[in-house]
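Each chain, letter by letter, is given below.
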Amino acid sequence: MWRRAIMLGSWVRSSFSSKILTSSSNLQHNHLPHQKQYGMKFVDLFMTETEKLAKEGKQPDKIRPFITFVLGGPGSGKGTQCTKIAETFGFLHISAGELLRKEMSSNCEYGAIIRDIIKEGKIVPSEITVNLIHKAIKSTSNQNILIDGFPRSDENRMAFERIVGVEPDLVIFFDCPEDEMVKRVLSRNEGRIDDNTETVKKRLKVFDKLNLPVITYYSWKGKVQKINAVGTAEEIFEKVRQLFASERCRIL
Ligand SMILES: Nc1ncnc2c1ncn2[C@@H]1O[C@H](COP(=O)(O)OP(=O)(O)O)[C@@H](O)[C@H]1O
Ligand SMILES: O=c1ccn([C@@H]2O[C@H](COP(=O)(O)OP(=O)(O)O)[C@@H](O)[C@H]2O)c(=O)[nH]1
Ligand SMILES: [Mg+2]
């Protein structure tokens with residue numbers, strides 16, 4: 001376990017960025033290099049919830065899995081690519097939207113609220129989504145996890161860091177033009193209450209306003225791999241495959 005975590009940590013650092021300010025090994029050693037370098041006030045502004053925990057001397061109670069957030073607008077192909085990644089590389093695919101849709105269809109206390117929010121293209125309260133994702137993470141022994149379509153806002157992101165107590169190792173952003181996303185959503189044909197012209201327009205606005213800042217934040221942290229999502233699903237997966245395959249032995 002420890003060796004695996006260290007290998008993953010070094011993979012992330014070496015492969016994806018020299019700019020990463022935090023990692024599993026930083027947490028394990030309660031060591032924040034940038035804090036010493038730049039002074040507290042400036043750094044505090046940019047500290048994540050996980051870093052704040054580490055600063056207080058709180059450590060995660062067990063070694064965490066390798067977490068990849070998969071982001072992109074509605075219809076950009078997140079779900080399609082996650083299915084392929086899961087099949088090819090053995091990752092566990094957790095779709096935040098699917099978890100919420102299941103919850104919506106069950107007789108749970110939040111079902112009606114979730115339905116209204118999804119229909120309006122808005123974002124479900126963070127606590128609900130994070131608790132569902134947390135439950136899925138806790139109930140698997142798979143150490144390689146894809147979280148599809150989450151976090152959708154900075155508030156989502158902070159709630160995840162606070163409740164789950166970890167950060168993603170990698171963030172994949174499927175970059176797709178709006179007209180292509182609309183075309184794909186409207187021909188998805190899965191009977192979803194939000195796959196209609198009116199809701200998709202709202203979802204695109206929400207994506208720009210609330211989800212893009214999350215991508216900007218993780219770009220600043222050096223964790224984002226942007227993939228042009230135009231082309232066939234197979235063509236796009238080829239780029240995804242290269243991303244994962246280059247360091248395959250380290251993640252699996
Ligand atoms: N590269 C692609 N080209 C054309 N259609 C695609 C592509 N990738 C996915 N699709 C289709 O577009 C729709 C939306 O894809 P999906 O994976 O559900 O996107 P997201 O999860 O980002 O909303 C689905 O019907 C899917 O089959
Ligand atoms: O973390 C999440 C994920 C999804 N949703 C809601 O669920 C809808 C569908 O999300 P999904 O990821 O399934 O849509 P996709 O982008 O894949 O089309 C979103 O528009 C939101 O209303 C949410 O509130 N929080
Ligand atoms: Mg999806």
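The structure under discussion appears in the preceding block.
Residues numbered from 1 in each chain as written. Chains lettered and ligands numbered in written order. Predicted model: local features only at pLDDT ≥ 70, side-chain atom pairs only at ≥ 80, totals over all residues. Heavy atoms only, no water.

**As for the site of ligand 2**
Ligand 2 sits among 19 residues. The nearest are K78, R101, K122, V124 and R203. The side chain of R101 places a nitrogen or oxygen atom 2.9 Å from an oxygen atom of ligand 2. In the environment of ligand 2, an oxygen atom lies 2.9 Å from a nitrogen or oxygen atom belonging to the side chain of R152. Compared with its free state, where it exposes 520 Å², ligand 2 has 97% of that area covered by protein. The cavity where ligand 2 resides is the largest pocket. No other element matches helix α7 (residues 96-105), which puts four residues into the shell around ligand 2. Residues belonging to the shell around ligand 2 are distributed by class as follows: seven nonpolar, four polar and eight charged. (Near = heavy atom within 4 Å. Polar contact = N/O pair within 3.5 Å; in protein donor to acceptor, adjacent residues only side chain to side chain. Areas by Shrake-Rupley, 256 points an atom, 1.4 Å probe, with all protein chains shown as cover. 1 Å grid on protein atoms, 1.4 Å probe; cavity = no way out; pocket = protein on both sides within 12 Å on 5 of 7 lines; lining within 4 Å. Sits in = over half its atoms within 2 Å of the grid points. Helix = DSSP H or I, 4+ residues; strand = E, 2+ residues; numbered from the N terminus. Nonpolar A, V, L, I, M, F, W, Y, C, P; charged D, E, K, R; others polar.)

**Quick look at the pattern of salt bridges**
For the coordinates displayed, the defined rule picks out 17 salt bridges. Here R162 ties to E127 by a salt bridge, and the two come within 3.1 Å at their closest N and O atoms. With R162 in helix α10 (residues 154-163) and E127 in helix α9 (residues 126-138), this residue pair connects regions lying 35 residues apart in the sequence. When its relative accessible area of 44% is taken as the criterion, E127 is described as partly exposed. Note that R157 is salt-bridged to D154, the shortest N-O span being 3.2 Å. Of the two residues, R157 and D154 both sit in helix α10, three residues apart, roughly one turn of that helix. Taken together, the salt bridges that share partners define one network made up of R188, R192, D194, D195 and R203. (Salt bridge = Lys/Arg side-chain N within 4 Å of Asp/Glu carboxyl O. Buried < 20%, exposed > 50% of the residue type's maximum accessible area, 1.4 Å probe, protein only.)

**Some thoughts on the packing of aromatic side chains**
Working definition: an aromatic ring pair is given by the centre-to-centre distance plus the angle between the planes. In total, this model carries seven aromatic pairs according to the counting rule given. On the numbers, 6.0 Å between centres and 65° between planes, the contact of F69 with Y218 is edge-to-face. Of the two residues, F69 sits in strand β1 (residues 66-72) while Y218 sits in helix α12 (residues 197-220), which places them 149 residues apart along the sequence. Owing to a relative accessible area of 0%, F69 belongs among the buried residues under this scheme. Judged by relative accessible area, Y218 falls into the buried class, the value being 0%. Here the aromatic rings of F89 and F244 are separated by 5.5 Å at their centres, their planes lie at 35°, and the arrangement is tilted. Of this pair, F89 sits in helix α6 (residues 78-89) while F244 sits in helix α13 (residues 233-245), placing them 155 residues apart in sequence. (Phe/Tyr/Trp six-rings, centres within 6.5 Å; stacked < 30°, edge-to-face > 60°.)

**Notes on the nonpolar core**
One finds F69, I133, I137, I147, F150 and F160 to be the most contacted residues of the largest nonpolar core, which totals 33 residues. Counting residues per element, this core draws most heavily on α9, which supplies six residues. Once you skip the residues sitting within four places of it in the chain, F150 turns out to touch F69, V70, L71, A96, T129, V130, I133, N156 and F160. Counting residues in hydrophobic clusters, the runner-up holds 20 residues, among them F66, V70, I172 and F174. (Core = buried A, V, L, I, M, F, W, Y, C linked by side-chain atoms within 4.5 Å. Contact = heavy atoms within 4.5 Å.)

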